Amino acid sequence: MFISRIFLQKKAVYSFEIFPPKPTADIAAVEDTVKNLSALSPDYISVTCSAGGSGNSRTPEIARMVKRFGVEPLAHLTCINSDRAAVSASLQELAESGIDNVLALRGDRIEGAKESEEFRHASDLVTFIRNSGHDFDIAAACYPEGHPESPDIFTDIRNLKKKVDAGVSHLNTQLFFDNDDFFRFRDMISLAGVDVPVQAGIMPLVKKSHVDRIISLSGAKIPAKISRMISRFYDKPDSLLEAGIAYAVDQIVDLLSAGARGVHLYVMNNAYVARRITESVAPILREINGADDN
Ligand code: FAD
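Structure report, in brief. Values in this document were obtained by computation on a predicted structure and should not be read as measured data.

### Overview of the sheet that holds strand E4 (residues 101-105)
Read around the closed barrel, 8 strands run E1-E2-E3-E4-E5-E6-E7-E8, paired in parallel fashion. Mean inter-strand twist for the sheet, computed between neighbouring axes without regard to direction, equals 25°. Where strand E2 (residues 44-47) and strand E3 (residues 72-78) come together, 4 bridges link them in parallel fashion. Within E3, the position partnered with Val47 by the bridge is Ala75.

Laid out in structure tokens, this is it:
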């Protein structure tokens, strides 16, 4: 099913993001994760891919697994290190696997890696998919604090508008910890004429290894409330877990109260954290979406 249809049916869409195992890793662990996440009845599960060409290889396999567990998959596809032939082959495999939804990404720059002449921006990939002869629903990424390579948020939003106009039906945001950044961004893109639904990307900070990696990789602004939480519980795994879950739930409740069209949870393949958060927010989602039927 196209995810755009889910957005037509629901006021707030709720989904998870997982990453595939390494090429040599045993599939059993991820199968267990997908099974447990599927039992939480998300609207869809997205499966990341790596920016390097070979890294895309397990994404279709895991997307097929998501489908087998009865949940709609969204397959990520990057283009920065690809050419038309490689992208066509990936699209063909996804289509043959019965995958209806693709998240079209440029991918992060890898130092020293040869960059594509054919796909300079994600918008080039969106156009290519639209003209591929396959019938995919296309999602794309957006950045409430601005993409790190952009000189300013206004330039980034102008580029986002080009990407959406190329044929994107919904957007997933980069993770953020201050909801005001999301609300400001939502107003700005609306003024710029970007009118597709935007799902807020929420990353529960529950492990110190994640804290270090995520903060440096995403470049997300760290509000004082998060800094206090991290410095107080950095070496206390049980407390950091509980504090991280509570912070994410608080963020989600605020986003849903303010009419966000959905939440995309970066669960880092942790089904336990996904379950704890989902148990807290599911009644709210039911109430919001149930109101649709009246
Ligand atoms: P683009 O939309 O191309 O934007 C990149 C930069 O180029 C921005 O600064 C933009 O303003 C600028 N730009 C865009 N169009 C133009 C134009 N026409 N002219 C001039 N400048 C332009 N990475 C992975 O490797 N694998 C994943 O699975 C993955 N999943 C992600 C999921 C989400 C929800 C998000 C938010 C990010 C994800 N990423 C992933 C990271 C992403 O690949 C990087 O953030 C990357 O740096 C930008 O990708 P993009 O698709 O947003 O690029």
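Having seen it, we continue.
### So, helix H11 (residues 271-290)
Residue pairs spaced three or four apart in an α-helix point in one direction, given the helix's 3.6 residues per turn. In H11, a bend of some 45° at Val281 exceeds every other bend along the element, and Pro283, a proline, comes one to four places later. All of the buried residues along H11 are Ala271, Val273, Ala274, Ile277, Thr278, Val281, Ala282, Leu285, Ile288 and Asn289. Tucked inside the fold, the buried residues of H11 contact strand E1 (13-18), helix H2 (27-38), helix H10 (237-257) and strand E8 (262-266). For H11, the N-terminal capping position is held by Asn270, with its side-chain oxygen 3.1 Å away from the main-chain nitrogen of Tyr272.

### Digging into the layout of surface pockets
In this structure, the second largest pocket encloses a volume near 220 Å³. If you trace the second largest pocket, you find 13 residues lining it, with Tyr14, Leu40, Ser41, Ala282 and Leu285 closest to the centre. Examining the composition of the lining of the second largest pocket, we find that 5 residues originate from one element, H11, more than from any other. A per-class count over the lining of the second largest pocket returns 7 nonpolar, 3 polar and 3 charged.

### Describing empty space enclosed by the protein
Tallying each qualifying case throughout the model produces 2 cavities of 30 Å³ or more. Quantified by volume, the largest cavity comes out at close to 40 Å³. Lining the largest cavity are Pro204, Val206, His210, Tyr266, Val267, Met268, Asn270 and Val273. For the lining of the largest cavity, the per-class residue count stands at 6 nonpolar, 2 polar and no charged. In this model, the second largest cavity occupies a volume close to 40 Å³. Together, Phe177, Met203, Pro204, Leu205, Ile226, Met229, Gly244, Tyr247, Ala248 and Gln251 line the second largest cavity. Of all the secondary structure elements, the ones that give two or more residues to the lining of the second largest cavity are helix H9 (224-233) and H10. Of all the elements, H10 adds the most residues to the lining of the second largest cavity, at 4 residues. Grouping the amino acids of the lining of the second largest cavity by side-chain chemistry returns 8 nonpolar, 2 polar and no charged.

### As for the nonpolar core
One finds Phe16, Ile18, Leu37, Leu171 and Ile277 to be the most contacted residues of the largest nonpolar core, which totals 67 residues. If we skip the residues at most four places from it in the chain, Leu171 touches Ala140, Ala141, Cys142, Leu160, Val164, Val194, Val196, Pro197, Val198 and Gln199. Among the nonpolar cores identified, the runner-up in size contains 15 residues, and Leu175, Ile214, Tyr266 and Met268 belong to it.

### With respect to the pairing of strand E7 (residues 198-202)
When you tally the buried positions in E7, you get 5 out of 5 residues, the bulk of the element. Because side chains alternate across E7, one face comprises the buried residues Val198, Ala200 and Ile202, and the other comprises Gln199 and Gly201, equally buried. In this fold, strand E6 (residues 170-175) hands off to helix H7 (residues 179-191), which returns the chain to E7; that crossover is right-handed. Relative to E8, E7 is paired through 3 bridges, and the arrangement is parallel. Counterpart to Gly201 in the pairing with E8 is His264.

Cut-offs used in this document
- Residues numbered from 1 in each chain as written.
- Predicted model: local features only at pLDDT ≥ 70, side-chain atom pairs only at ≥ 80, totals over all residues.
- Heavy atoms only, no water.
- Pairing = 2+ DSSP bridges.
- Helix = DSSP H or I, 4+ residues; strand = E, 2+ residues; numbered from the N terminus.
- Axes fitted to C-alpha atoms, helices over the stretch in contact; angles between N-to-C directions.
- Bend = angle between axes of the 7 residues up to and from the residue.
- Buried < 20%, exposed > 50% of the residue type's maximum accessible area, 1.4 Å probe, protein only.
- Contact = heavy atoms within 4.5 Å.
- Polar contact = N/O pair within 3.5 Å; in protein donor to acceptor, adjacent residues only side chain to side chain.
- 1 Å grid on protein atoms, 1.4 Å probe; cavity = no way out; pocket = protein on both sides within 12 Å on 5 of 7 lines; lining within 4 Å.
- Points joined across faces, edges and corners; volume = space filled by probe spheres on them.
- Nonpolar A, V, L, I, M, F, W, Y, C, P; charged D, E, K, R; others polar.
- Core = buried A, V, L, I, M, F, W, Y, C linked by side-chain atoms within 4.5 Å.
- Right-handed = clockwise from strand over helix to strand, strands pointing away.

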